[in-house]
Amino acid sequence: MKKLVNSKQMKAIDAYAIHTIGIPPLVLMENAAYSVVSCMEKSISKEDIILVVCGSGNNGGDGLAAARILLNRGYQVDVFLAGNPAHLSEETATQLKILENLEMVIWNHLEEVNFANYTILVDALFGIGLERDIEDEQAAVIAEMNTHEGIIFAVDMPSGISADDGKVKGTAVRADYTVTFGEEKVGQILFPGSEYCGTLVVTDIGFPPSAVDSVASEFYRYEKMDLARLPWRRAYSNKGTFGRVLIVAGAKNMSGAAYLSALAAYRTGAGLVEIMTVESNRLILQGQLPEAILTTINPDLLDTTEEKEKIKQAVGRSDVIVMGPGLGVSDKAKKVLDFVTLYAQVPLIVDADAINIAARYFNTFPLMRGNTCLRLNELNNSLPKGTILTPHLLELARLMDQPASDIQDNLLKTADSCTKDTDLVYVLKDARSVVAYEDERYLNYSGNNGMATAGTGDVLTGILAALIAQGMDSFEAAKLGVYIHGLAGDVAAAKKNRYSMIASDVVNGLEDVLGGMI
Ligand SMILES: NC(=O)C1=CN([C@@H]2O[C@H](COP(=O)(O)OP(=O)(O)OC[C@H]3O[C@@H](n4cnc5c(N)ncnc54)[C@H](O)[C@@H]3O)[C@@H](O)[C@H]2O)[C@@H](O)CC1
Ligand SMILES: [K+]
């Protein structure tokens, strides 16, 4: 598990190291500069002509120190001090004085600099101290840097990317490498920040563990060693040991979603998977997945005791229930969901059309239109504890009755609204999914854009259900499930490619992920 920090938390770690432990800031700055240079030295040669572009804050100070180290080591290097010389931080002023004493070339105005003369750029304009949108001369500097053809190394952050949420503040440097210090920043994991970072290199610049531990952060991500969290499989076992999943899915002609969800649940280790669907899907599902048990319902007879009893029994024998994939949004589908919700005492995984049905239902009440809070409260009251909602951005927009663009631009704030006063777990699906429960925020770092294809969401529901069926707590299952899903997508992309892979390839990828082959 890797802790992630925002700018405030990183500044608190800096402050603890400096003021409580007593490490002089110049020592940290030197370490930072040496780590930038050692990363650069893997890609540069003495033939390169390097320009270090510096701001007036400590990020610029890191750049000035890196320029000196490069000069000392025999590289051809110039400096462009793009920040206001009247606003230099104390450490940056010290670094500048050293460079002046060394008689280095230091440009002060954009007009003086011919970027075409340089083969390598170092971006030390802004780091975690970025406060507002970049404009005017600084924006012009970044525009020049982005048209440059050589490698760009960013110091700590690509200038212009917010460490807090990965957003571009006005404009931002598109780096090839970002060398960051101490801890990974939230804005380096979320998009678009993640893309602007290029290859992210995290370096140790001497923050003592106590400085890092002094700051609590609600953000983290998983890495490969977290696969050890998978539920242990007892040797003395039978199919009952590994739990029973019910998948309520698949309207007429929509059996594919049910199939993918059920297949993924089996491939993630569920003992038994039952699919509740309409009779017309029976033959095809039996042919595709004979391992699944099928219960068929007649949507036209939902008011009869017989159909209700069928639903009640299926719900009663399950450890976890997936509802939504390929269900459609008809009144009959809603009725099925109402019965399932009424009888269920186990966690539900509410996906796709189940979310759309809830949104449509809320829209029928004038009081609930535009009232996100009321809608989320209502969900919390009507769903069993431990239930996971897995909306993608559009589904979430419908559910919350807010524009999708607002949600996309404020994913972390949206997570805060969703989890306020609730027992539900939210998986906010995006290129970097956020799993949120109470105050914790898991940011997922696995997966790739080949997964933006139909059916991968159905696969995710099956994975989550299987983990819960095997005894995992819902929040842990959601985090690990999202991580495994992304890794399986990475396996699929490596075996096929990002264009050709389809959802069933992601299911196939589970084999390598769960078999410890990655
Ligand atoms: N002691 C420390 O705190 C350490 C800091 N380090 C470096 O210092 C960086 C943080 O330094 P600072 O806090 O000085 O911040 P930055 O150097 O990131 O930038 C802050 C400066 O930019 C100005 N500014 C912010 N947003 C602006 C905008 N949109 N347009 C124009 N000016 C803007 C601020 O007023 C301030 O002068 C880190 O990212 C890291 O690179 C490292 O040297 C390690 C130790
Ligand atoms: K930077």
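Residues numbered from 1 in each chain as written. Chains lettered and ligands numbered in written order. Predicted model: local features only at pLDDT ≥ 70, side-chain atom pairs only at ≥ 80, totals over all residues. Heavy atoms only, no water.

1. Observations regarding the domain arrangement of the protein
One frequent convention defines the size of an interface as the accessible area lost when the parts assemble.
Point 1. One can read the domain layout of the protein as domain 1 (2-221) and domain 2 (249-512).
Point 2. A combined buried area of about 1,200 Å² lies between domain 1 and domain 2, and 67% of that area is made up of carbon and sulfur atoms.
Point 3. Among the residues domain 1 hides against domain 2, the three largest losses belong to Leu-190, Tyr-220 and Arg-221. Together they make up 43% of the total.
Point 4. The interface formed by domain 1 and domain 2 contains zero salt bridges.
Point 5. Counting across the interface, domain 1 meets domain 2 through eight residue pairs in polar contact (both at pLDDT 80 or more).
Point 6. Counting residues per element, the ones that place at least two in the side of domain 1 that touches domain 2 are helix 6 (186-189) and strand 10 (219-221). (Domains from an automatic or database assignment. Buried area = accessible area lost by both parts, 1.4 Å probe. Salt bridge = Lys/Arg side-chain N within 4 Å of Asp/Glu carboxyl O. Polar contact = N/O pair within 3.5 Å; in protein donor to acceptor, adjacent residues only side chain to side chain. Helix = DSSP H or I, 4+ residues; strand = E, 2+ residues; numbered from the N terminus.)

2. Description of the pattern of salt bridges
Point 1. According to the stated counting rule, one finds 25 salt bridges in the structure shown.
Point 2. Put simply, Asp-416 and Arg-441 hold a salt bridge, and the shortest N to O gap is 2.9 Å. Remark: Arg-441 occurs in strand 19 (residues 440-443) and Asp-416 occurs in helix 17 (residues 411-419); sequence separation between them is 25 residues.
Point 3. Note on Asp-416: relative accessible area 42%, which makes it partly exposed.
Point 4. When the shortest N-O distance is used, the salt bridge between Asp-505 and Lys-496 registers 3.1 Å.
Point 5. Since its relative accessible area comes to 10%, Asp-505 is described here as buried.
Point 6. With relative accessibility at 45%, the residue Lys-496 sits in the partly exposed group.
Point 7. Where salt bridges share partners, they join Asp-226, Arg-229, Glu-440, Glu-476 and Lys-479 into one cluster. (Buried < 20%, exposed > 50% of the residue type's maximum accessible area, 1.4 Å probe, protein only.)

3. Considering the coordination of the potassium ion (ligand 2)
Perfect tetrahedral coordination of a metal by four donors corresponds to 109.5 degrees between them, and perfect octahedral coordination by six donors corresponds to 90 or 180 degrees.
Point 1. Taken together, the protein donors to the potassium ion (ligand 2) comprise Asn-59 (OD1), Asp-123 (O), Phe-126 (O), Val-155 (O), Met-157 (O) and Ser-159 (OG), at separations of 2.5 to 3.1 Å.
Point 2. Around the potassium ion (ligand 2) sit six donor atoms, and with donor-metal-donor angles ranging over 66 to 169° the site reads as irregular. (Donors = N, O, S within 2.8 Å, 3.2 Å for Na, K, Ca; no water. Tetrahedral: all angles 85-135°; square planar, octahedral: opposite > 155°, others 65-115°.)

4. Side note on the UniProt feature "binding site: AMP" (unreviewed entry) in the protein
Point 1. UniProt annotation of "binding site: AMP" (unreviewed entry) refers to Lys-429, Asp-430, Ala-431, Arg-432, Ser-433 and Gly-457 when read in the numbering used here. Spanning 29 residues, the named residues nonetheless gather at one spot, since no C-alpha pair among them exceeds 13.7 Å. Lining residues of the second largest pocket, restricted to the annotated ones just named, are Lys-429, Asp-430, Ala-431, Arg-432, Ser-433 and Gly-457.
Point 2. With respect to the helices and strands, the residue Ser-433 is situated in the loop between strand 17 (425-428) and strand 18 (434-437). (UniProt positions renumbered as here; feature names shortened; annotations may be inferred. 1 Å grid on protein atoms, 1.4 Å probe; cavity = no way out; pocket = protein on both sides within 12 Å on 5 of 7 lines; lining within 4 Å.)

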